[in-house]
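# Secondary and tertiary structure notes
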Amino acid sequence: MTATTRTDMRAPASPLVWRISAIVISILLLGLIILVSGESPLAVIDAMIGGAFGTPDKIGRVVNTLTVLLLCSAGLVFTFNAGLYNLGIEGQITFGAIAATLALRLFGAVLPGPIAIALCIIFGAIGGMLWGLLAGVLKVHGRISEIFAGLGLNFVAQALAIYLIFGPWKRAGVASTSGTEPFNDTLWLGAFGTTEATPVGVALALIATIATIVIVRRTHYGLRLRAVGRNPRASFVLGIPASRQMLSAFALCGILAGVGGALQVSGNFHRLIPTISGSLGYLGLLVVMLVNFDPLWVLPVAFFFSALNVGSLQLPLVLEKVDSSLSGVIQGMLVLAALIGRGFAEINVKQ
Amino acid sequence: MNLDQLIIILATAIASATPIVFAVIGETISERAGVINLSAEGTILFAAMAGFAVAHLSDSLWLGFAAAAIAGILIALIVAFGAITLRQSQIAIGFVLALLFTDLSSFIGNPFVRIPGPTVPAFPIPILKDIPILGRLLFDSDLLVYLSYALIVATWFFFYRTSAGLTMRAIGEQPNAAFARGANVIRLRYLYVLIGGALMGIAGAAFSLDFKAGWSYRHTGGYGWIALAIVIFGGWNPLRAALGAYFFGILQSLASVAQDQFPGVPTQVLTVLPFVLMILVLVLTSANWLDRLLAFLPSDTRRSVLRTLRAAPPAALGQPFVQD
Amino acid sequence: MLCISRFYSYTPPQRMKVELLHIHKHFGSVHANDDVSLVAEAGTIHGLLGENGAGKSTLVKMLSGFISRDAGEVKLDGKSINVHAPVDAIREGVGMLHQDPMDFPPLSVLENFVAGRQNAGLALNTRAAARELKDLASQFNFSLDPNAPVQELTVGERQQLEMLRLLALGTRVLILDEPTTGISAMQKTQLFAALRQLARQGKTVIFVSHKLEDVEALCDEVTVLRRGKLIGTQKIPCPASTLVAMMFGRELAAPVKPHTATGDVALDLRDAVISTNTYDLQIGALTVQRGEVIGLAGLEGSGQQEFLLACAGVDKLSHGRICIGSKDMTHKSYGDFLDAGVCYVPADRMRDGLIAGFTIREHVALRASHHRIFIDLSDSLKVAEQAIDTFNIRGKPETKVERLSGGNQQRTQLALMPDPLSVIFMEHPTRGLDIESTIWVWKQLIARCQAGCAILFASSDLDEIMQYSDRVIVFSGGRVSQPIRATDLNVDTLGQMIGGKF
């Protein structure tokens, strides 16, 4: 990628009007789509709010989704600021989850629960980091676009998870898509009351988010990372080793995604399932694109997106004509509107 | 394995690769003109859904395919507008569209899940199908398959034997030089992105109305991403891209045969395996350590081996064109 | 089907007089062409001579439709015309060969030859086109393999191909912009023969160059520009000194730099080879003293940038040894060069020197200690304010660098240079600055020299080279001259050297 495309990734401060009108249009379009499918948008909103916040259980689920989404988004803030499209994040979550499962299988029976869980999270972090670095090495030393290296590694991690679930780690008796044998509950991450939300997960996600804000905005490392992302050539001339910065961004993103994978295993599903990532890595990409790579806004947007995800799950039960994929439609429409709005703003600034 | 089995494997591979052939040719056209349409995954899914839904409601295959092509064109229009007119990152726009239309296909397609619909009827070509081996390989399927053969040849001819095709390659290489020679870069890029989108849309309908008939949640999941990889593997050449698609088809065909041969290996693993192998081949051939790996060869041989294994992307791929 | 002979049968008479009358062109605040006129008779080769930035390319680009003029008239054969795009110019019979070939490297020679033809049919008639290419090429004794990819051709061959392409389109006025840069001696002979042949056929050739010897060898008449203004037109042959006087105008400025060289070695090059896209620059031996200033003169793109990049450690020497101070730096990384006190200040500030979207304060912080973890906000703000104050930058610490004017961007680059340094490598230190700022910048740089720093700088401003250099090295056509004391130079010798005579 050249310097121009790098700088193009970041928009200058732009007239708010364009952005807001783009978002408003996208919301109107969404309303139209819902109307066409035969439901009232208000009923849908009502059902989604109920689905996300109706009971403590549901709130717990929102919080659980949020923790993993925050970890992924925080990680992606690093890669995006280094000018990289880390589409391989799904694989980094999955491989982290595989490593975390391995840790629990190895140590679950021999070590006390809390220590095994700690090892599970550490293994997850290492697994995610390795998978991230693999994409990074392919990019920096193999000159393979991180986009395709990442997508390819997603397939590989996915295949590996499926192989383990249906092969060596299969449930006693019959293998199935429902995943491996659930772990003994001593290996479950402790939760708030009867909900699924885990204090450890929440703490890790908040620490990661705050640390990302501080690192990207306040440290020399973050400054150098942003410099490389905007202009690798000038950064090099100024004495910043661009490839090392890129590799470190891949590693950091991988670590956070891997921890996310470990939380999915020990805190959420309590086993390894084929769709362990829950597409939260891709959702993280949308979150970070929507906030234009600024970590300060990751938390509110990630919270909104998590609520959408959980709130839409029950839609088909409440309103028979509306499918749960509505959350993805809303999220995608909003980000598309933001991109288009930004484009209009830039074009108008230039003219 | 006897000859009969081999022919069956290959014939299945060729036929079932047909949708991917449409998709990779569409993407190749778009990228040759300088625009990456990264929305392939969403486009194929959404067009598959739209094609199936319209064919089911109207009971007309033609309308189904037309609807799929229009869906592909509309999504490509968003890509073109964002990338060419607004000069936004083609990766960002395409990726968001890929996710958005994946979910939109599930959302809108919900009422059409697992219901019967029309499918493209078999149409063995008389006489030709009786040619030994070749007949059964190539001419014992349906019109869509024959159309894909024609598409490959026609695209190749267009690329390398017509002046419009030459101009198309020129705007993807050096848009400024092409502009100096009178090409309307913006308009042509729109045109080829839309044509590419139409072909990807047809690819979707080729799944839902023919080779993976029907509609279900994420019916064609993964094929869009693999199509993007095959375009690189095909070195932006329609013939090679088609070969890549057939290679992938063979991998899939082998995977389904292996199910009978090795009942111990879970089906799900075999289903993903072709995707993994395809990507591995791509990674191995495009990495620049291949140069070092082949260092023992004389330089002429090495260069031609490298040239067969990979090709440079169009020089202006992904770059917005600013006319000054 | 494409029928080649049609191009010829439809073309109007081959002879065409070119008149550019009272042309004006502004780029922002720069008056690139100020009331410039040029008249080229049909059947002649007309030279357009001038230094870098004299406005030559601007003038011919208006004739060939690549840029539009602000005022003035263009006449072909006495008929006033308006071209808005290069295709319009080609339709009128005007074709231009650019300094950087405007072609499609991965495509074949034949494909490049036919790409963009407006009235070609649906299918390419490759056989007819190949025959046409072969016929045209043989007219000029060019030998081009129609199936070779253009990226495997030399610059000279690409030029030949582009020329044949324009001729096949019916070009009657051929413009060549610095065509002898980067081509071999034999290709130059071939090119000149071809151009003379075209003139004999009645075509008009406009030959843009800064090389005296080429103009003297080839042209019938020459128009000289200096700083955007028309100086005059001269029949060839005429004494070289007349042309030099027209090009450079006046006595060069006298050296103003005090003696600061100390005798200690700051930079030492031995048997160095630096490879650029077009040349292998050879430097047998070069020793620069601490406190010394070396000016690099020559047409832009003659290898000065690659020389500076290699000496600064950003790129690698292809061959040879380099020492900074007493340390052997051959094969060392750029980081080691930075640690040795080297600083490179590029010409293209927004591409190579500064980071768009970053503020002045962020740039200051980027340059600050690499050992600390956290950015000291108040400190970087203080340093940025100081820099803005000392370097007189019109901007605030939180101003993004792309919003600064060119001059203020240059001041920012200077403000970002670490202190102390052992060698500074600069491209165009004062480009885009007014006279006062120029003097001020050099005061800062000379202060650096007095502290023992050596400076190597490239500039296309001969006054700057003469005023501030202790010694001058001239780059021309892939060759690098011996360093010459600035006091031993005069406008004539320098002009001749830049034109390749050394």
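Think of each chain on its own: its residues are numbered from 1, step by step along the sequence as written. A letter from A marks each chain and a number from 1 marks each ligand, given out in the order of writing. Predicted model: local features are reported for residues with pLDDT of at least 70 only, side-chain atom pairs are reported and counted for 80 or more only, and whole-chain, interface and lining totals are derived from all residues.

### What about the overall build of chain B?
Helix and strand assignments come from DSSP, with helices taken as H or I runs of at least 4 residues and strands as E runs of at least 2, each series counted from the N terminus. A count of helical and extended segments in chain B gives 15 helices and 0 strands. It is over C-alpha atoms that the radius of gyration is taken, and the globule rule equals 2.2 Å times the number of residues to the power 0.38. Relative to the globule expectation of 20 Å for 324 residues, the C-alpha radius of gyration of chain B, 20 Å, shows essentially globular dimensions. Principal axes of the C-alpha set define a box for chain B whose edges measure 60 × 55 × 40 Å. Counting other C-beta atoms within 10 Å of a residue's C-beta gives its exposure: the residue is buried at 20 or more, exposed at 12 or fewer, and partly exposed in between, where C-beta atoms are placed from the backbone. Classification of the 324 residues of chain B by burial places 55% in the buried group.

### Some words on the overall build of chain C
Helices and strands together make up the secondary structure of chain C, namely 18 helices and 21 strands. Each principal axis of the C-alpha distribution contributes one length, and for chain C these read about 75 × 50 × 45 Å. Within chain C, the fraction of its 502 residues that count as buried is 48%. Once local pairs closer than 6 in sequence are excluded, the contacts in chain C between residues at least 24 apart make up 70%. Placing C-beta atoms from the backbone, we regard two residues as in contact once those atoms come within 7 Å.

### Some remarks on the pairing of strand S6 (residues 94-97) of chain C
Residues and elements named next belong to chain C. With burial as the criterion, each face of S6 is covered, one bearing Val94 and Met96 and the other bearing Gly95 and Leu97. In the sheet, S6 pairs with strand S7 (residues 173-177) via 4 bridges, with the strands oriented parallel. Bridge assignment links glycine 95 to a residue of S7, and that residue is leucine 174. Paired strands, in this sense, are two strands between which DSSP finds at least two bridges.

### Quick look at the nonpolar core
Ranked by size, the top nonpolar core spans 376 residues in total, and within it Leu71 of chain A together with Ile20, Val24, Val96, Ala229 and Ile230 of chain B carry the most contacts. For this core, the element with the highest residue contribution is helix H10 (residues 185-211) of chain B, accounting for 17 residues. Those residues in contact with leucine 71 of chain A, other than ones at most four positions away along the chain, are Leu204, Ala205, Ala208, Leu256, Ala257, Val259 and Gly260 of chain A. Any set of buried Ala, Val, Leu, Ile, Met, Phe, Trp, Tyr and Cys residues joined through C-beta atoms within 7 Å is what this text calls a nonpolar core.

### Notes on helix H11 (residues 242-269) of chain A
Residues and elements named next belong to chain A. Under the 1.5 Å per step criterion, the end-to-end length of H11 is 39 Å for 28 residues, consistent within 8% with the ideal 40 Å. Here the bend at a residue is taken as the angle between two axes, fitted respectively to the seven residues that end there and the seven that start there. Of all the bends in H11, the greatest measures close to 30° and is centred on leucine 263. Across the 28 residues that make up H11, a large majority, 23, are buried. Histidine 270 sits one or two positions beyond H11 and adopts a positive phi of about 60°. Each helix should span, by expectation, one fewer than its residue count multiplied by 1.5 Å.

### Some details on the interface of chain B and chain A
Listed by partner, the interface residues are 37 residues for chain B and 41 residues for chain A. Of all the elements in the fold, those that place two or more residues in the side of chain B that touches chain A are helix H5 (90-109), helix H11 (223-233) and helix H13 (267-286) of chain B. Considering every element that reaches the side of chain B that touches chain A, the biggest residue donor is H5 of chain B, with 12 residues. For the side of chain B that touches chain A, a count of residues per class yields 25 nonpolar, 10 polar and 2 charged. Ten residues, namely Ala, Val, Leu, Ile, Met, Phe, Trp, Tyr, Cys and Pro, are considered nonpolar, four, namely Asp, Glu, Lys and Arg, are considered charged, and the remaining ones, Gly among them, are considered polar.

### What about the pairing of strand S2 (residues 30-40) of chain C?
All names here are of chain C. Note: strand S1 (residues 18-27) against S2, 8 bridges, orientation antiparallel. Bridge pairing links glutamate 19 to valine 39 in S2. Where S1 folds back on S2, the antiparallel hairpin that results is connected by 2 residues, among which glycine 28 adopts a positive phi of roughly 60°.

### Quick word on helix H16 (residues 435-450) of chain C
Every α-helix winds through 3.6 residues per turn, so residues three or four apart in the chain are directed the same way. Residues and elements named next belong to chain C. When the terminal C-alpha atoms of H16 are compared, their 22 Å separation across 16 residues agrees well with the 22 Å that a helix rising 1.5 Å per residue should span. Those residues of H16 that fall on the buried side of the exposure criterion are Thr438, Val441, Trp442, Leu445, Arg448 and Cys449. On an axial view of H16, the arc spanned by its buried residues comes to 105°, and they lie on one face. Those residues of H16 that are exposed and aimed more than 90 degrees away from the buried face are Glu436, Lys443, Ala447 and Gln450. Where H16 is buried, its residues contact strand S13 (293-297), helix H15 (406-415), strand S17 (423-427), strand S18 (454-458) and helix H17 (462-468). Directly beyond the C-terminal end of H16, a positive phi value near 105° is found at glycine 452. In this description, one arc is meant: the one made by directions from the helix axis to the C-beta atoms.

### Overview of unusual backbone geometry
One can expect most non-glycine residues to show negative phi and most peptide bonds to be in trans. All names here are of chain C. Residue isoleucine 236 is joined to proline 237 through a cis peptide bond whose omega torsion reads 5°. Here proline 237 is to be found in the loop between strand S10 (229-235) and helix H9 (240-248). Omega for the bond connecting aspartate 419 with proline 420 falls within 30 degrees of zero, at 0°, which places this linkage in the cis form. Structurally, the position occupied by proline 420 is in the loop between H15 and S17.

### Considering the interface of chain A and chain C
Note on interface size: it is often stated as the accessible area lost on association of the parts. Taken residue by residue, the interface counts 18 residues in chain A and 22 residues in chain C. Taken together, the elements giving at least two residues each to the side of chain A that touches chain C come down to helix H1 (3-8), helix H9 (220-230) and helix H10 (232-237) of chain A. The greatest single-element share of the side of chain A that touches chain C, amounting to 5 residues, is contributed by H9 of chain A. Broken down by class, the residue content of the side of chain A that touches chain C amounts to 7 nonpolar, 6 polar and 5 charged.

### Re the sheet that holds strand S12 (residues 280-289) of chain C
All names here are of chain C. Here we have 4 strands laid out as an open sheet, ordered S12-S11-S14-S15, and antiparallel in their pairing. What marks the edges here is a single partner per strand, and that holds for S12 and strand S15 (327-328). Both strand S11 (residues 265-275) and strand S14 (residues 319-324) contribute to a ladder of 5 bridges, which runs antiparallel. When the sheet's bridge partners are listed, valine 273 is paired in S14 with histidine 319. Each of S11, S12 and S14 is contacted by helix H10 (residues 304-311), which is oriented at about 125° to S11, the strand it contacts most. Axis lines are fitted to C-alpha atoms, over the contacting stretch for helices. Their N-to-C directions set the angle, which ranges from 0 to 180 degrees.

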